[in-house]
Amino acid sequence: MKKGKIITKIIAVGLAAAFTAGIAAGCGSGSNNVQDDLKFDEFGDPVFENVDLKVWSIVGDPDDVYLEKVNKMFNDYYRENGLQAKITPIVNGDFYQQVANTITTDPRNAPDVIIIHSERLSGLAANNVIVPMSEYFEAAKTEFDPDAYLDNVMGECYYQNKLYGVPLDVHAGVWFVRSDILEKNGLEKPTTLTEFVEVCNALVEKYEAGTLWHREMNKTNEAACVWTQSKTFGDNYYPVVMSKDGGIEQGWIPQTAVFQNGGKLTDEKGYPAWNTKGLEDVMTMFRNWQTGQGDFKGTPYKGAFVSGKDDVNTVWSKLASGEAVFSCEGPWWIEQRLNEYEDILGDLPDDGNKTYAPLDIMNMSKLYALDENAEYAGEIYGVGHCFSICRTVTSKTKRVAAALYAKFMTENAVDYMQGGHLPACKAILESQQYKEKPFYDRYLKEFGDPENFVMLGNTPHYSAVYEGLKNVYSDIFNSNFKDRTVAQIIKSRYDYAVNFIKASEGL
Amino acid sequence: MARMTTASEYALKRSKRKQFFKNYGIVLLFLGPFIFFFLLFCVYPLFYGIVMSLMRYNIADPSKNEWRGFSYFQTLLSNSNSIYNTEFWYSMKNTALFAVILVPLAILVPLAIAVLVNSKPRGYKVFRALIYFPSILPVSASGVIFISLFGTNFGYINQWLGQTIGWLDQTTTAWFVIILLCLWGGWGGNFIILSAGLKNVDKSLYEAASVDGCTGIRRMFAVTLPAIKPQLIVCLFTTIIGYFGLYGQVYVLTNGGPANPDTGVGTTATIMWYLQSLMNSGQYDIYGMVSAMGLTLGVFIGCITGIQLFLTRERKSGTKLARAFAAYKAEKAEKASEPVPAVREEANGNE
């Protein structure tokens, strides 16, 4: 036989093997078989022997530290029972992809429990990534009472009437306010949209007249932290930073605007329902804030409030320079920012030897409600975290352990709230321990009533619904779309979201 | 009962085995690892991808996989009502336009630099190193450099100009920055190939051209370019194929944006960026469609490569020129009434 023939044979065999393996790989299985290995002791409690729970968490820096505190409590409590948990934060943006990939291709290294955004729960449940939990509470002979949690966050933990998650918290983006600048200029923190516009008008007017007091928060240059009335920021002064590409602005403002004007984000089919008149009106208002044209309820704007060119890089820098008084960010940065501003500016007096609290926060309640007296005007779009069990947990003992873990963590999460979250568990909300924590008075109280937080709604089409609305917000700030009306922008994004869902359903 | 093997049969088999390894052992030793990894990392994924493209493939739950036959290809090729069809071709169009603009630049600019460096000016070795330097930077690093240059609020260019131009927010300027990054970061590879080609051009050809009165430009077109044609073809192939896979530069600089409200993909979305964004969209059953798109792209690139191969093939003239030359000489000799030596066809090569 010639050499060429041998090589041809080898390659042919290899190709055939690769083809067969390719077909075999395409026809995998996603087994949910659970091994009934649960044992009970003489008191009827489940027995855990060296059960180690692998927990993957979407909660990252800086609040993962606080979550770990609660996890440590769990480990201490269950150490003698042979049950431990280890949390790994996965915060690189591919969390949900990584979970799906790992449980399919590498189940041995897959997590047992995942801490996810509760709005993603329906999608994960629909794709069999996570499993219903009720039976494991029953197996553990532990009562799980959904009424012990806030209805709004608990509602997102169900898919097709089955419990798939235990809610941990609810949170929302907040406005950071340069309270020192407001106070020095004789202004107050606004609580409604009308007041917000009034304050911004006053700030713009004062700046143009050269009478606006402002100061910088500068770590390295104390001289810059002195109060001044100069027109340092050029001809155009913008009291509000609204980043066109910031995840917090996109991720909370348009959603809250929909709720505060009587709309909802999803319909009963889980399709987007945010294409409302209220959204259009608020987005039109944001457009006017960029130009300074138009009026708010008959009062003309004194100038532009936002530059329209802000991005994620200017969110903090403009607040620190004193150019902006309002800037939107995630609640998890509150503690660090308050500390930073107070350390640098807190004790610096003005000429009259008066000191000012340099930074404050305000929640979004009534800030986008065109009718501030409407019953829904105080609603805020909320996002929660919850615990779920992955389908790759094939041991019933481990599933029971995971259910107990979820319950323990959510019922004892007081310390976790330090990271800027409100508890989903009513017992924590009402507890003295929670209310006596320094961070409660310092900032959690400012977040508003968690009962007023409204969630996305159960939809397996998270991306289309949520991203579509985020894009509406970005488009409003996009100079490429100046020629398009707000109504046109909303319509094109809504149509796209619906088409996207239909296309994915037709796959 | 099993038949007993005789000693002679055993010896024959053994000697055959020995002979086999004697003959092919070296071949297997050297080729084996390559074949193994080639099958594992190229052929197996290819077949896997083909299988996936025929299925509704769910990465979260393989038990939900369902055969779809060629329906995804049909959608991509004929169903313009599907967003997958429109976005795929939109991204393909972006990529093709980008390639049409960049590929000539990515060859001509390094060629010009290579010609200059090949003339060996003072310090040419330093120039050579500096010119190649951008190519050793990872795309993420060079992307960050470009963001620092072209950022809206803190970019150096805007600071120098005293403007707040949204370089990466406008379609035209965003493409300009991407092309600039690709050109700057990618010219090193072509520069090295073309420099090597230029070094190997036979110097006697230049001397002969000079004797014939060729000027610099004429020498370039008559001698240099034909002499480095193989290198130019290599550059052309690798550049076109490479830039059809454009991803990193777009991801770092614009992430596909600026937005296009009529589609889900931005105006600088290339086909690779689009495929990647679909895979990261959180839609677990999109992988079959993505595989179909990948294979369609592969066929498309294959077609372009085929056309290139056809256009750049070695043209063979046979004995036509030799015969024409012989006829010319004969005619000349006849005119001069001198005896003409016979020209043998085979002496001129039998191509």
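Along each chain, residues carry numbers from 1 onward, in the same order as the chain's sequence is written. Chain labels run from A onward and ligand labels from 1 onward, assigned in the order the entries are written. The model is predicted, so local features are restricted to residues of pLDDT at least 70 and side-chain atom pairs to those at 80 or more, both for listing and for counting; the totals for chains, interfaces and linings are taken over all residues. The side-chain values count all of the structure's non-hydrogen atoms but skip hydrogen atoms and water molecules.

Describing the overall build of chain A
The line we're drawing: The helix and strand labels rest on DSSP assignments: H or I over at least four residues marks a helix, E over at least two residues marks a strand, and numbering proceeds from the N terminus. Using a 1.4 Å probe on the protein chains alone, a residue whose accessible area is under 20% of its type maximum counts as buried, one over 50% counts as exposed, and one in between counts as partly exposed. Residues count as neighbours in contact if any of their non-hydrogen atoms are within 4.5 Å of one another. Exposure was quantified through the Shrake-Rupley algorithm and a 1.4 Å probe, taking into account, for residues, occlusion by the shown protein chains and nothing else. Charge convention: Lys and Arg are scored as positive, Asp and Glu as negative, and His as well as the terminal groups of each chain are ignored. A charge is said to be at NZ when it belongs to Lys, at CZ for Arg, at CG for Asp and at CD for Glu.
Within chain A one finds 18 helices and 19 strands. C-alpha extents for chain A along the principal axes are approximately 90 × 65 × 50 Å. Burial statistics for chain A: of 507 residues in total, 58% are counted as buried. In chain A, 76% of the contacts between residues at least 6 apart in sequence involve partners at least 24 apart. In the structure as shown, chain A presents an accessible area of about 20800 Å², 47% of it carried by carbon and sulfur atoms. With 49 positive and 71 negative side-chain charges, chain A shows a separation of 9 Å between the mean positions of the two kinds.

Overview of the domain arrangement of chain B
Heads up, the rule is: How far each domain reaches was decided by an automatic or database domain assignment.
Per the domain assignment, the segments making up chain B are domain 1 (71-311) and domain 2 (322-351). Placing a centre on the C-alpha atoms of domain 1 of chain B and another on those of domain 2 of chain B gives a separation of 50 Å.

Considerations on the interface of chain A and chain B
As a reminder of what qualifies: Reported buried area values correspond to the accessible surface (1.4 Å probe) lost by two parts on association, with both partners' losses combined. A 3.5 Å cut-off defines polar contacts: any pair of N or O atoms within that distance qualifies, except that in protein one atom must be a possible hydrogen donor and the other a possible acceptor, and neighbouring residues in sequence count only when both atoms are side-chain atoms. Residue classes follow a fixed rule: Ala, Val, Leu, Ile, Met, Phe, Trp, Tyr, Cys and Pro count as nonpolar, while Asp, Glu, Lys and Arg count as charged, and any other residue, Gly among them, counts as polar.
At the interface, 57 residues of chain A touch 52 residues of chain B. Roughly 4300 Å² is buried in total at the junction of chain A and chain B, and carbon and sulfur atoms are behind 59% of that figure. Ranking the residues of chain A by area buried against chain B places Gln-97, Tyr-496 and Leu-507 of chain A at the top, with a combined share of 17%. The interface formed by chain A and chain B contains 17 residue pairs in polar contact (both at pLDDT 80 or more). Those elements that place two or more of their residues in the side of chain A that touches chain B are α1 (3-26), α3 (95-105), α4 (121-126), α11 (314-321), α17 (462-476) and α18 (486-505) of chain A. At 14 residues, α1 of chain A tops the list of elements feeding residues into the side of chain A that touches chain B. Classifying every residue of the side of chain A that touches chain B by side-chain character gives 23 nonpolar, 21 polar and 13 charged.

Examining a nonpolar patch on the surface
Residue and element names in this part refer to chain B. Test applied: A residue counts toward a patch only above 30% relative accessible area and without a salt bridge, and it is joined to like-charged neighbours within 9 Å or, for Val, Leu, Ile, Met, Phe, Trp and Tyr, to nonpolar neighbours within 5 Å. We count a salt bridge whenever a side-chain nitrogen from Lys or Arg sits within 4 Å of a carboxyl oxygen from Asp or Glu.
Together, Phe-36, Phe-37, Leu-40 and Phe-41 give the surface a local cluster of nonpolar side chains, amounting to about 430 Å² of exposed area. Topologically, Phe-36 is positioned in helix α1 (residues 7-53). By relative accessible area, Phe-36 is classed as partly exposed at 49%.

Digging into the layout of surface pockets
For clarity, the cut-off: Within this scheme a cavity is a closed region of a 1 Å grid, computed over the protein atoms alone, that accommodates a 1.4 Å probe without allowing it to escape, whereas a pocket is open but has protein on both sides within 12 Å along at least five of seven lines; lining residues each have an atom within 4 Å of a point. Grid points are joined across faces, edges and corners, and a volume is the space filled by probe spheres set on the points.
Of the pockets and cavities examined, the second largest pocket occupies roughly 560 Å³. Forming the walls of the second largest pocket are 26 residues, and the residues nearest its centre are Asn-127 and Pro-460 of chain A together with Gln-283, Tyr-284 and Asp-285 of chain B. For the lining of the second largest pocket, the secondary structure elements donating two or more residues are α4, α17 and α18 of chain A. When grouped by side-chain class, the residues that make up the lining of the second largest pocket number nine nonpolar, ten polar and seven charged.

Observations regarding the pairing of strand β4 (residues 83-89) of chain A
Along a regular strand, successive side chains alternate from one face of the sheet to the other. Residues and elements named next belong to chain A. For the record, the criterion: Pairing between strands is defined by DSSP: at least two bridges between them are needed. Handedness of a crossover is defined as follows: orient the strands so they point away from the viewer, and if the path from the first strand over the helix to the second runs clockwise, the crossover is right-handed.
Direction of pairing for strand β3 (residues 51-57) relative to β4: parallel, over a ladder of seven bridges. Each bridged residue has a counterpart across the sheet, and for Leu-53 the counterpart in β4 is Ala-85. With helix α2 (residues 64-78) bridging β3 and the parallel β4, this β-α-β connection has right-handed handedness.

Considering the sheet that holds strand β10 (residues 174-177) of chain A
Residue and element names in this part refer to chain A. As a reminder, the rule being used: Where helices are involved, their axes are fitted lines through C-alpha atoms of the stretch in contact, as for all axes, and angles between N-to-C directions lie from 0 to 180°.
Pairing in this open sheet of four strands is mixed, and the strands run β11-β14-β10-β15 from one edge to the other. Among the strands making up the open sheet, the edge pair consists of β11 (240-241) and β15 (360-362). Note that β11 and strand β14 (residues 326-329) share two bridges and pair parallel. Looking across to β14, one finds that Val-240 is bridged to Phe-326. The strands touched by helix α8 (residues 193-209) within the sheet are β11, β14 and β15, with β14 carrying the most contacts at an inclination of about 130 degrees.

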